[in-house]
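# Notes for the structure review
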Amino acid sequence: MKVPFLSFQPQHSPLRTDIMEAIGRVYDSYWYVLGDEVKQFERSYAAFNQVSHCVGVANGLDALVLALRVLGVGPGDEVIVPSNTYIATWLAVTQVGATPVPVEPNPVTSNLDPAGIAAALTTRTRAIMPVHLYGQACEMGPIMALARQHNLYVVEDNAQAQGASFDGQLTGSFGDFNGTSFYPGKNLGALGDAGAMTTNNADLAQQAQVLRNYGSEKKYYNEVVGYNSRLDELQAAVLRVKLAELPRWTVQRQQIAAWYGQHLAGIADLRLPVVAPGATHVYHLYVVHTPHRDALQQHLVEQGIGTLIHYPVPPHRQRAYQALNFPVGAFPIAENLAATCLSLPMWPGMEEAHVAAVTAAIASF
Ligand SMILES: *Cc1c(COP(=O)(O)O)cnc(C)c1O
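Residues numbered from 1 in each chain as written. Predicted model: local features only at pLDDT ≥ 70, side-chain atom pairs only at ≥ 80, totals over all residues. Heavy atoms only, no water.

Turning our attention to the overall build of the protein chain. Within the protein chain, the regular secondary structure consists of 13 helices and 13 strands. Taken over the C-alpha trace, the protein chain has a radius of gyration of 20 Å; the compact-globule value for 365 residues is 21 Å, and the two agree within 12%. Considered along the principal axes of its C-alpha atoms, the protein chain spans approximately 65 × 55 × 35 Å. Distance between charge centres in the protein chain, computed from 22 positive and 29 negative side chains, equals 5 Å. (Helix = DSSP H or I, 4+ residues; strand = E, 2+ residues; numbered from the N terminus. Rg over C-alpha atoms; globule rule 2.2 N^0.38 Å. Lys, Arg positive; Asp, Glu negative; His and termini not counted. Charge placed at Lys NZ, Arg CZ, Asp CG, Glu CD.)

Written out as structure tokens, the structure is:
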């Protein structure tokens, strides 16, 4: 049995009528940017995320950039970022003119280690950006305590963890202003690029609404130097349909992870995901670690099993960041995770037979 890394078919096929109806509604409304669909989706997503405000934007990177901009983070400021995140987290910091200060993750959970943050703080530190990597909530208790103690902003990168929680509180509701992504492959995905910001602060939300729309509150009057980063009506209409299914899809992802756990237990040299006390995991990705990663991935290709690597090169070793002068070995935990991680197929609608086929292919390695 072939198993692709990702298939949208089981999510999208049953929703075809509803999604086409939503698209048709926008088509026939003759209103395509910042209208009722965006407003309704923002309201629904804020309710889902248990925050008072959601601001829809063009993509996840913009959500993080606008959050930092609204908080006034800029040149001369330092922002704590994980050494092992997707590069977007770092790019947001760089795009507002601030400096990313990498902190190593806990090697077991791959999430930012609160103990490492304290050691990286300087008089210039303005904010911490926890990334709930692969769908597991960071240890937000200690991170928020540290932020309060040192008077720092928190901007959660919640692109991979919609619906995850720490000590019962949802990710995307802890920080001052948080960003998430609705890139198609994310747990809640649009049919193209989309993103959103979440906050409990009405003033920050209002500033973000202005900033995403050319810095303009009243048409053709510009208060600040803004961006064009708006969530499309079409994407908002699609997301409204899909948001209603997200809790069910999350349960399916967790079931698939449980199947993997049972089927993969005891395979030599394979380290499975570990969920930290207090955290929940919504399994945007199911990531295993092995020192034989490249050979295993090649073997799985030959068996018809799709896998990906998230991520093969940590941001500090990307050519884009060579000016920061981080040598090989600067962040050994991130580098080791990058050399050993492998993401197995994970998508709502995957059946136990798919998991068994993946496991059998791994066992035959
Ligand atoms: C996907 C992702 C982003 C960026 O989202 P886009 O919508 O692609 O801009 C940011 N951070 C993380 C951790 C992501 O996985």
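We now examine the nonpolar core. Formed by 31 residues in total, the largest nonpolar core has its most connected members in Tyr260, Leu264, Tyr286, Leu344 and Ile362. Those elements that provide at least two residues to this core are helix H10 (246-264), strand S12 (286-289), helix H11 (293-302), strand S13 (341-344) and helix H13 (352-363). Not counting chain neighbours up to four residues away, the residues in contact with Tyr286 comprise Ala257, Tyr260, Gly261, Leu264, Leu272, Pro273, Leu342, Ser343, Leu344 and Met346. Counting 29 residues, the second-largest nonpolar core is a separate cluster that includes Leu66, Val73, Met197 and Leu204. (Core = buried A, V, L, I, M, F, W, Y, C linked by side-chain atoms within 4.5 Å. Buried < 20%, exposed > 50% of the residue type's maximum accessible area, 1.4 Å probe, protein only. Contact = heavy atoms within 4.5 Å.)

It is worth spelling out the sheet that holds strand S1 (residues 53-57) at this point. Across a sheet, paired strands are connected by hydrogen bonds in the backbone, their directions being either parallel or antiparallel. With antiparallel pairing, three strands are arranged side by side in an open sheet as S1-S9-S8. Among the strands making up the open sheet, the edge pair consists of S1 and strand S8 (178-181). Each adjacent strand pair in this sheet contributes to an overall mean axis angle of 25 degrees, direction not counted. Pairing analysis gives four bridges linking S8 to strand S9 (residues 195-199), with the strands arranged antiparallel. (Pairing = 2+ DSSP bridges. Axes fitted to C-alpha atoms, helices over the stretch in contact; angles between N-to-C directions.)

For the rest of this paragraph, the subject is the site of the ligand. Around the ligand lies a shell formed by Asn59, Gly60, Leu61, Tyr86, Ala88, Val131, Asp157, Ala159, Gln160, Ser181, Lys186 and Tyr311. Gly60 places a main-chain nitrogen or oxygen 2.8 Å from an oxygen atom of the ligand. Here an oxygen atom of the ligand and a side-chain polar atom of Ser181 are 2.7 Å apart. Relative to its unbound accessible area of 380 Å², the ligand is 90% covered by the protein chains. (Near = heavy atom within 4 Å. Polar contact = N/O pair within 3.5 Å; in protein donor to acceptor, adjacent residues only side chain to side chain. Areas by Shrake-Rupley, 256 points an atom, 1.4 Å probe, with all protein chains shown as cover.)

Tracing the chain through its elements places Thr89 in helix H5 (residues 87-95). When its relative accessible area of 0% is taken as the criterion, Thr89 is described as buried.

A few words now on the sheet that holds strand S3 (residues 99-103). Across the sheet, four strands lie side by side as S3-S2-S4-S5; this open sheet has parallel pairing. Each edge of the open sheet carries a strand with a single partner, namely S3 and strand S5 (153-154). The pairing of strand S2 (residues 78-82) with S3 spans five bridges and is classified as parallel. If you follow Val79 over to S3, its bridge partner there is Pro100. Contacting S2 and S3, H5 runs over the sheet at an angle of about 170 degrees to S2.

Here we come to the environment of Ala361. Along the polypeptide, Ala361 turns up in helix H13. Sequence separation between Ala361 and His299 is 62 residues; the distance between their C-alpha atoms is 8.0 Å.

Residues Tyr30, Tyr32 and Val33 make up a contiguous nonpolar surface patch of roughly 340 Å² in combined accessible area. Residue class for Val33 comes out partly exposed when judged on its relative accessible area of 37%. (Patch = residues over 30% accessible without salt bridge, like charges linked within 9 Å, V, L, I, M, F, W, Y side chains within 5 Å. Salt bridge = Lys/Arg side-chain N within 4 Å of Asp/Glu carboxyl O.)

Moving on, we come to the packing of helix H4 (residues 60-70) against H5. The contact between H4 and H5 brings their axes to 9 Å, and the two run at 40 degrees. If you check the angle between H4 and H5, you find them oblique. H4 and H5 meet at a crossing whose hand is right-handed. On the side of H4, the interface is formed by Leu61, Leu64, Val65 and Leu68, while H5 contributes Ala88, Thr89, Leu91, Ala92, Val93 and Gln95. Of the residues belonging to the contact of H4 with H5, the class tally is eight nonpolar, two polar and no charged. (Parallel < 35°, antiparallel > 145°, perpendicular 65-115°, else oblique. Left-handed = near helix turned anticlockwise from the far one by under 90°. Nonpolar A, V, L, I, M, F, W, Y, C, P; charged D, E, K, R; others polar.)

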